[in-house]
Structures are given as C-alpha cells and as structure tokens.
Amino acid sequence: MSTPESVDVVVIGAGQAGLSAAYHLHRRGFVPLGTTEGATAARTFVVLDANDAPGGAWQHRWRSLTMSTVNGIYDLPGMPKPELDPASPSVDVIPPYFAAFEERFALAVRRPVQVRAVRREDDDPHGRLLVETAASADSSGADSSGTDSPAAGFRARAVVNATGTWTKPFWPAYPGRERFAGRQLHVADYVSADEFRGQRVVVVGAGISAIQLLEEISRVAETVWMTRREPEWVEDDFDTAARVEAIKGVEERVRQGLPPGSVISVTGMHWTPWARAAEARGVLVRQPMFRRIEEHGVVLADDSFLPVDAILWATGFRAALDHLAPLGIRLPGGGIRIDGTRAADEPRVHLIGYGPSASTVGANRAGRAAVMAILADLDAAVPVSHR
C-alpha cells in the first residue's frame, strides 16, 4: 500500500454542500491536490465523490420529480442556475448544472472514490486525520486502479463531511416484512408510477416525498396511505419563515447531540400543490399503520386483512456517517454534537448538509462557515512569519 497523500482539507461528497465547501476553499486560495498549482501550493484540498458522475443525489431521483415540484433548489455559490423550464425533470437539470460548476471552478473532483473510514493518525489533537478510501483515483477524477482495491487515502488537517443521506434509506422493522411476496421498495428505489399500474399500493410515510408519490401513483393505481401518527396539517404555506423555523428546531437537536429528525417533526405537514391535488381527488385519506405484513398483504389496525401488491416505504433517510465511526463521535442515540459546523468532540471534522444545514440554502451557508473556521485554525497553527 502506498503512502497516504498529505493535504490540508478533504471534502467528502460532491453534492450541494460539498461543492459549496470546495468553492469557498478555492476562493480563499486553496488549490486541488495533484494539479499543477497544487504541486507548489501552500494549501491544498481534495474533493472525493462516491458517484460515477456529477450531480450528487439528484442523478438518482425519479424523472417525474420536476423543477416545479422539488422542495427548493438554491443556487450554488458564485454561479446562478440557468433559466429553467419548470416542467423539466430535475434529473435532467441539476446534474449538468453541478458538472458545469465543477468545470468552471476547476475543482478536480475525484470519482468514484468511496471513503471507508476517517480516523485519527495519533493522539495529537492538532495532528492529522487519516481518510481511508476504497479506490484510488487520479487528479482528473478518473479511477486509476480499475478495481475496488484498498488505497492509502489521505492525511488531512481537516475534513469536511458532506455525505448527505441518500445512500442511507431508512427501512422500519415491521413483523412479517421478510415474508411479503409482493414488491417492497423505498423512495430511493422509485422510478415511475407506471410500474404500479392497476395494482394496490400501500404508501407508508408522512413526509413530502410520501405525499408527492401518493398523488402520482394514485392516478394509475389504487393507493392506501398509512402513517404511524395522525399528521398535523398546517394551513400556512411552507415559505421562508416556515423553513427558518424548521432549521431552528433541528439546530437545537444537533447542538444536544440528538439525531437531526425530519422537517415534518418540527413544522408539521404543510399544504403543498400535490397535497391539495390528492385531497381534491379523494386519495389523501390517512389510515393507521398496519399491525404486520403477511405474504400477500397486510393486517390492519382493526385486525382485518388487506390484500396488497406493493409497499412503498417513504420513511426517510438517515445521515450517511458510518465512515466516521472510528472517531467515536456519535452518541448512543445516534447523533453527533455540533458546534457551528464542527463536531464538538472532534473539532477537525466539520459536518455540512447535516442537521440544520441539510437544506440547499443551509448547505451553501454551512460550506462557507466551515471553510472560514478551517482557515482560522490553519492560520492559528502557522507562525505569522511563515504565512
């Protein structure tokens, strides 16, 4: 195994949050590791992305998720979105926008690179962090090994974690789930309502995606909407004020080291155009969660049996943080204590796109805040005469 490459900052993830951090590093004089500039630069960074192509999680979304229905996409810093057709599928719009952003600012994202672990190099709290990767990639972003063989990775002075949630869909444990002979899928696996034409589909969940897909699937199939608790509907639109309130609630949770929780858990269910459409057609009828799953259906709360062809779990995602396990910063409840963007129990690690910065506008702001904090740390560690 080769020697790890030394770098000042490793950014893990190239979605909105990761690209924001990379932009602010670039703007403040950091240059990509392995480039001509990086060979002589005082400070370097590298962006690692597990995807094969630019676009973050957006390249995996279903085609019916158009720009008119996505829940607020904020411009990347320094490069406004082009004028968009609201009817365009987000999967056709956002990935090219991200790709153009990477090219414009010459961010030299390395992909596909899977980060296996982040650990401390030694006991020095001001020392380096080791970022271990599952594949080696060259500075152009191409996989140079052609295999998934272990690579030495990187020795970093700071790590910006921007891995999001898309790779960690949450599947609740329910009795009999493994016995079901029909189809079970998570929102992360959803492609098109046409796959369910003529079937009976149970949609589980009370979030934005659950209602969007309930409305869509109900146009071609019989749908049954189930949630654990009765949704609390809020008449106000999910406007800027509502988003700010949601961020405040989540921010308090992560400050205490609790898992971030969902926006819905903080704000309640806001009426969206697709919720209104579903209500108008009589399909927005919530039923209590089923008791158990059987081979060909589900047993309802009243012990009656409902035959079912498919179950769509719109049950959200969890933060993709498994690679941070060696640092021991996750609390028993699953959360990480956050101070600003820092992990309070490992200040060299910054988490963005996590908790209060999970929104696209929040990710941009957090990217800048993380870079400013890192810059202050690095400046403090270098004598003035050597800056």
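Residues numbered from 1 in each chain as written. Predicted model: local features only at pLDDT ≥ 70, side-chain atom pairs only at ≥ 80, totals over all residues. Heavy atoms only, no water.

*Asks:* Would you mind showing me how to read the sheet that holds strand S14 (residues 297-299) here?
*Replies:* Sheets are built from strands that pair by backbone hydrogen bonding, the pairs being arranged parallel or antiparallel. The 3 strands lie next to each other as S13-S14-S15, forming an open sheet whose pairing is antiparallel. The outermost strands of the open sheet, each flanked by one partner alone, are strand S13 (292-294) and strand S15 (305-307). Strand-to-strand twist across the sheet, computed as the mean angle between neighbouring axes with direction ignored, equals 25°. Pairing between S14 and S15: 3 bridges, direction antiparallel. Following the sheet pairing, valine 299 is matched in S15 by phenylalanine 305. (Pairing = 2+ DSSP bridges. Helix = DSSP H or I, 4+ residues; strand = E, 2+ residues; numbered from the N terminus. Axes fitted to C-alpha atoms, helices over the stretch in contact; angles between N-to-C directions.)

*Asks:* I tried to follow unusual backbone geometry on my own but got confused; where do I start?
*Replies:* Both trends apply: most residues other than glycine have a negative phi, and most peptide bonds are in trans. In this chain, arginine 111 is followed by proline 112 through a cis amide linkage whose omega measures -10°. With respect to the element layout, proline 112 can be found in the loop between helix H2 (90-104) and strand S4 (115-120). One non-glycine residue, alanine 106, adopts positive backbone phi at about 50°. Here alanine 106 is to be found in the loop between H2 and S4. Located in the positive-phi region is alanine 108, a residue other than glycine, with phi close to 50°. Residue alanine 108 is classed as partly exposed on the basis of its relative accessible area, which comes to 23%. (Buried < 20%, exposed > 50% of the residue type's maximum accessible area, 1.4 Å probe, protein only.)

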